[in-house]
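# Results of the structural survey
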Amino acid sequence: MSPVIGVLALQGDVAEHVHALRAVGVSTKEVRTVDELQSVDGLVLPGGESTTIARLAGIFELLEPLRAAIKDGLPCFGSCAGMILLADRVLDGEVDQPTFGGMDITVRRNAFGRQVDSFETELEISGIAGPPMHAVFIRAPWIEEIGPEVEVLARVTEGPAEGRIVAASQGNVMVCSFHPELTSDTRLHELFVQKVKGTP
Ligand code: GLN
């Protein structure tokens with residue numbers, strides 16, 4: 001059976017992720033309540049503003065249920081702000097900025113600095129066949145430290161941020177610093193759907 005993939009719909013690139021998921025042929029559901037969270041087979045956490053999404057998750061009483069669902073193995077895919085929200089540790093966050101956690105990584109917010117605040121580059125991504133992906137970075141975070149169970153999927157290969165980790169996975173959780181939902185290349189969404197389908 002085709003899985004239902006939720007998109008956390010509190011703020012950010014919700015419509016763009018829904019569009020990309022539909023393009024790879026899965027059903028989608030916008031998630032704003034615990035009931036909606038419990039009815040999906042996987043969850044996308046969109047790019048946007050991590051502090052706002054975290055604050056809204058508190059107001060919508062989703063913070064603890066989300067943490068619990070991730071701990072219980074709900075497959076999650078976070079892009080940009082979504083990556084920050086799935087990190088166990090955040091640098092340059094707001095004071096006491098909460099995250100849902102789930103991935104043993106330290107993420108630095110707005111890491112790329114002013115001259116490359118927003119930029120685009122080509123990335124080879126482990127597990128994705130074919131030509132490199134065109135990656136759009138918008139006030140993006142990078143991954144500064146990874147735990148032993150984290151697999152690096154992509155690093156920047158040019159410019160001042162060369163070598164920085166910008167995509168990774170650990171168990172059922174996958175993250176990227178950039179915005180695959182803003183291009184027509186759906187290969188990362190497909191990779192996530194494969195992960196969801198492989199989850200018992
Ligand atoms: N800078 C944003 C944050 O801290 C992330 C930017 C994005 O998602 N495009 O949440």
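Residues numbered from 1 in each chain as written. Predicted model: local features only at pLDDT ≥ 70, side-chain atom pairs only at ≥ 80, totals over all residues. Heavy atoms only, no water.

For the protein, the name recorded in an unreviewed UniProt entry is glutaminase, with freshwater metagenome as its organism. Of the protein, the UniProt comment under Sequence similarities (unreviewed entry) reads exactly: "Belongs to the glutaminase PdxT/SNO family." Under the Catalytic activity (unreviewed entry) heading, UniProt states for the protein: "L-glutamine + H2O = L-glutamate + NH4(+)". (UniProt positions renumbered as here; feature names shortened; annotations may be inferred.)

### Topic: the pattern of salt bridges
Opposite charge on two side chains lets them pair, provided their charged atoms get close. Tallied over the full model, the rule gives eight salt bridges. A salt bridge links Arg 32 to Glu 30; the shortest N-O distance between them is 2.5 Å. With a shortest N-O distance of 2.9 Å, Asp 104 and Arg 89 are connected by a salt bridge. In this pair, Asp 104 sits in strand β6 (residues 103-108) while Arg 89 sits in strand β5 (residues 87-91), placing the two residues 15 residues apart along the sequence. Judged by its relative accessible area of 34%, Arg 89 is partly exposed. Among the charged side chains, a network of salt bridges with common partners joins Asp 92, Arg 108 and Glu 144. (Salt bridge = Lys/Arg side-chain N within 4 Å of Asp/Glu carboxyl O. Helix = DSSP H or I, 4+ residues; strand = E, 2+ residues; numbered from the N terminus. Buried < 20%, exposed > 50% of the residue type's maximum accessible area, 1.4 Å probe, protein only.)

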